[in-house]
Amino acid sequence: MGVGQFILRLATVAVAGVAVLFVAAAPKHGVHVEKEEWSFQGFFGKFDQAQLHRGFQVYKEVCSACHSMNLLSYRNLQEIGFSEAQVKEIAASVTVMDGPNDAGEMFERPGKPSDHFHAPFPNEQAARASNNGALPPDFSLIARSRAGAGFGAYEGADYIHGVLVGYREPTAEEKAKMPEGMYFNEGFNGHHIAMPPPLSDGAVTYEDGTQATLDQMSRDVAVFLTWAGEPNYENRIRTGLKAMLFLVAFTLIAYAAKRKIWANIH
Ligand code: HEC
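As a starting point, this report considers the structure included with it. Here the residue index of a chain counts from 1 through its sequence in written order. With the structure being a predicted model, the display of local features is reserved for residues of pLDDT at least 70 and the display and counting of side-chain atom pairs for 80 or more, all residues being used for whole-chain, interface and lining totals. Side-chain measures were taken over the full set of non-hydrogen atoms in the model, leaving aside hydrogen atoms and water.

Considering helix H2 (residues 49-61)
Helix and strand assignments come from DSSP, with helices taken as H or I runs of at least 4 residues and strands as E runs of at least 2, each series counted from the N terminus. Multiply 1.5 Å by the residue count of a helix minus one, and that product is the helix's expected span. Between its first and last C-alpha atoms H2 spans 18 Å; for 13 residues at 1.5 Å apiece the expected length is 18 Å, and the two agree. Categorising residues by exposure relies on relative accessible area from a 1.4 Å probe, with only protein chains included: less than 20% of the type maximum marks a residue as buried, more than 50% marks it as exposed, and the intermediate range marks it as partly exposed. Every buried residue of H2 is accounted for by Gln51, Leu52, Arg54, Gly55, Phe56, Gln57, Val58 and Tyr59. Should any heavy atoms of two residues lie within 4.5 Å, those residues are considered in contact. Where the residues of H2 are buried, they touch helix H3 (84-92) and helix H8 (214-229).

Below is the structure:
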């Protein structure tokens with residue numbers, strides 16, 4: 001292959017690569033998502049435990065009326081610093097259907113730490129029937145599945161926060177195009193959402209004294225949902241860090257050994 005031809009091929013590959021990056025950067029949801037600062041981001045990122053507790057409170061007191069979280073068990077809450085006794089109490093606050101017992105009957109009992117989070121509706125049809133035909137999605141993986149990719153990368157938390165603070169009054173023109181029973185939301189694809197605004201200032205009372213503003217609660221619950229989707233996130237980062245340190249140390253040793261072995265050969 002001639003040099004000219006080689007350069008031409010190289011250029012083709014480079015152009016194709018850039019094109020692929022641009023396609024990947026196309027926003028997934030058709031809405032502009034504001035990127036916020038989150039404590040869990042970056043190389044030394046870390047969840048703030050108090051924030052996770054507040055986020056769980058918002059989920060439990062508000063969102064769990066409509067959104068299930070099927071992949072989480074109550075005992076998972078110990079991973080974010082709730083004690084065994086607290087987890088028992090939280091689990092026992094819901095009533096679950098169990099059985100059949102020896103008589104072949106289903107029965108109700110208080111929740112146990114090993115139970116999965118209690119779902120608000122028995123099935124999808126019931127969930128839709130209560131929500132103007134729309135399905136409140138399960139929250140187990142919502143943060144992960146709504147994260148953006150490519151150049152426009154944003155966290156699932158950015159998206160969740162954006163939806164929660166994205167409600168506003170539609171203009172007359174916008175209102176004319178809205179189907180019955182929908183709400184106008186800047187952060188939701190298509191701007192028409194079946195979820196009534198779930199949060200407003202003071203919707204919950206935080207035990208740690210944090211002011212429960214709309215923005216604060218939206219951030220807290222977005223962070224809790226991020227943790228829920230990736231309970232091992234911090235472990236992974238730490239393992240990655242150790243692997244990097246190992247590689248750096250190994251490279252230095254290999255380099256020193258090479259210098260020694262080749263020292264007398266010219
Ligand atoms: C009264 C029921 C109800 C409550 C309470 C509720 N939601 Fe929703 N939510 C819905 C429904 C229904 C949808 C689906 C909307 C649609 O498809 O138009 C939805 C959709 C969403 C979406 C968009 C999901 C997507 O598919 O991208 C987010 C984010 C969300 N909810 C977050 C929350 C959070 C956080 C809370 C608690 C603070 C909450 N919701 C409380 C009913 C509810």
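Some words on the site of the ligand
Among the 21 residues in the neighbourhood of the ligand, the closest are listed as Cys63, Cys66, His67, Tyr159 and Met195. Counted as a polar contact is a pair of N or O atoms within 3.5 Å, where, for protein atoms, one must be capable of donating a hydrogen and the other of accepting one, and residues adjacent in sequence contribute only when both atoms are in side chains. A distance of 2.8 Å separates an oxygen atom of the ligand from a polar atom in the side chain of Arg146. In this structure, Ala194 approaches the ligand through a main-chain N or O atom, which is 2.8 Å from an oxygen atom. The residue makeup of the shell around the ligand, split by class, is 18 nonpolar, 2 polar and 1 charged. Nearness is judged by heavy atoms alone; a residue qualifies as near a molecule or strand once a single heavy atom is within 4 Å of it. Polar here means any residue other than Ala, Val, Leu, Ile, Met, Phe, Trp, Tyr, Cys and Pro, which are nonpolar, and Asp, Glu, Lys and Arg, which are charged; Gly is therefore polar.

Points about the coordination of the iron atom of the ligand
With water excluded from the atoms, a metal site may look incomplete; its donors are any N, O or S atoms within 2.8 Å, or within 3.2 Å for Na, K and Ca. Looking at the iron atom of the ligand, one finds its protein donor set to be His67 (NE2) and Met195 (SD), positioned 2.0 to 2.1 Å from the metal centre. A four-donor site is classed as tetrahedral when every donor-metal-donor angle falls between 85 and 135 degrees; four donors are called square planar, and six octahedral, when trans pairs exceed 155 degrees and all remaining angles lie between 65 and 115, with any other arrangement labelled irregular. One way to put it: the 6 donor atoms around the iron atom of the ligand meet at angles of 85 to 179°, and that makes the site octahedral. Highlighted residues: His67 in the loop between H2 and H3 and Met195 in the loop between strand S4 (192-193) and H8, separated in sequence by 128 residues. Relative accessible area serves as the criterion here: at 23%, Met195 is assigned to the partly exposed category.

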